Amino acid sequence: MLSYRHSFHAGNHADVIKHIVQSLILDALKQKDKPFVYHDTHSGVGRYDLTHEWSEKTGEYKQGIERVWQQDTIPQAIQSYLESIKVLNNGDALRYYPGSPRVARAQLRQQDRMVLTELHPADYPLLEQEFHRDRQVKIFKEDGFKRLKASLPPQERRGLVLIDPPYELAREYRDVVQAIFQSHKRWATGIYAIWYPVVNRYDIEDMIEGLAGLGIRKILQIELGVSPDTNERGMTASGMIVINPPWKLESQMKEILPFLKEAIAPATGHWKVDWIVPE
Ligand SMILES: C[S@@+](CC[C@H](N)C(=O)[O-])C[C@H]1O[C@@H](n2cnc3c(N)ncnc32)[C@H](O)[C@@H]1O
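Residues numbered from 1 in each chain as written. Predicted model: local features only at pLDDT ≥ 70, side-chain atom pairs only at ≥ 80, totals over all residues. Heavy atoms only, no water.

Digging into the site of the ligand
Residues in contact with the ligand amount to 20 residues; listed here are only the nearest, Lys18, His42, Glu118, Asp143 and Asp164. In this structure, a nitrogen atom belonging to the ligand sits 3.5 Å away from a main-chain N or O atom of Leu119. Between the ligand and Asp164 there is a distance of 2.7 Å, counted from a nitrogen atom to a side-chain nitrogen or oxygen. Alone, the ligand offers 600 Å² of accessible surface; in the complex the protein occludes 95% of this. In a pocket analysis with a 2 Å cut-off to the grid points, the ligand is assigned to the largest pocket. (Near = heavy atom within 4 Å. Polar contact = N/O pair within 3.5 Å; in protein donor to acceptor, adjacent residues only side chain to side chain. Areas by Shrake-Rupley, 256 points an atom, 1.4 Å probe, with all protein chains shown as cover. 1 Å grid on protein atoms, 1.4 Å probe; cavity = no way out; pocket = protein on both sides within 12 Å on 5 of 7 lines; lining within 4 Å. Sits in = over half its atoms within 2 Å of the grid points.)

Set out below in structure tokens:
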């Protein structure tokens, strides 16, 4: 189908929570000198211009990164995330917003590498151009789930897999569960971070039930909502489900989420950090 374009949504509240969790996991991987791999199954284009007409049309970033950017006091734990935005912009102006590949690239050391997949015929060339001749980055125009299956286990045996599909089709919630089942069999110690939108709460509950039934331990759920659940259209919350999270992630997010709620949706916001399956 491939009608989803991330340019309309870049920098929204869902990107903020996704990229903060991603950055914190990469911070934790960098605690050791040993190399790691970052594998992004649904990469997008890597960088977004917030002055582009598509961003301006929805204005979603104004209820996301712009609100965080304007805060005077910011938790120390989100420094790496903010740094990945600053390197794309000069000074304090906020024009460019990093997609997940750029968030990761800002954190990569010489010994680390990343694998990106993007299937959209218009977005793939932009992603290619963004990392042109970057020897630490390998890009595939392939189905993200298929490439993931073919890539595991990675030679480094440490790293993060980000799974961030557009959820245009109901099938994609089941595809995620299947991908985790297959990946965990091949690489049980990898860190897997699955982004999810709350549009219809039942879809998320089903996906969580599916993940909980796989017999995998250490599954953490992190969520930031901007308004209560509703039966009407539109995303009211989003979150990350992390398998094998670094040990500090739970406490870090319990500090960061109240700050994000106050910055982004003080009146109607809500958050949670809960174990779907504990250790
Ligand atoms: C939510 S966006 C990704 C955003 C990106 N991860 C970020 O955080 O900046 C989902 C992307 O997946 C791409 N896509 C859709 N189906 C795909 C598939 N089967 N394999 C790989 N990419 C796919 C879409 O074109 C879109 O760019």
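Still more ground to cover, so stick around.
Some thoughts on the UniProt feature "site: Interaction with substrate rRNA" (unreviewed entry) in the protein
Mapped onto the present numbering, the UniProt feature "site: Interaction with substrate rRNA" (unreviewed entry) falls on Tyr4. Within the secondary structure layout, Tyr4 lies in the segment before α1 (13-29). Setting aside its immediate chain neighbours within four residues, Tyr4 contacts His9, His120, Pro166 and Glu168. Side chain to side chain, Tyr4 and His6 meet in a polar contact 2.7 Å long. (UniProt positions renumbered as here; feature names shortened; annotations may be inferred. Helix = DSSP H or I, 4+ residues; strand = E, 2+ residues; numbered from the N terminus. Contact = heavy atoms within 4.5 Å.)

Let's talk about the nonpolar core
Ranked by size, the top nonpolar core spans 85 residues in total, and within it Ile65, Met207, Ile222 and Met253 carry the most contacts. A per-element tally of this core places α1 first, with nine residues. Excluding anything up to four places from it in sequence, Met207 contacts Tyr167, Tyr173, Val176, Val177, Ile194, Tyr196 and Ile241. (Core = buried A, V, L, I, M, F, W, Y, C linked by side-chain atoms within 4.5 Å. Buried < 20%, exposed > 50% of the residue type's maximum accessible area, 1.4 Å probe, protein only.)

Quick notes on the pattern of salt bridges
For side chains bearing opposite charge, pairing can occur when the charged atoms are close. Tallied over the entire structure, the rule returns 17 salt bridges. Put simply, Lys218 and Glu279 hold a salt bridge, and the shortest N to O gap is 3.9 Å. Residue Lys218 is located in the loop between α9 (201-212) and β8 (219-225), and its partner Glu279 is located in the segment after β10 (270-277); the two are separated by 61 residues in the primary sequence. On the basis of relative accessible area, Lys218 is assigned to the partly exposed category, the value being 28%. Two residues, Glu262 and Lys261, come together in a salt bridge whose shortest N-O distance is 3.2 Å. Residue Lys261 is classed as buried on the basis of its relative accessible area of 17%. A network of salt bridges, in which partner residues are shared, links Asp15, Lys18 and Asp164. (Salt bridge = Lys/Arg side-chain N within 4 Å of Asp/Glu carboxyl O.)

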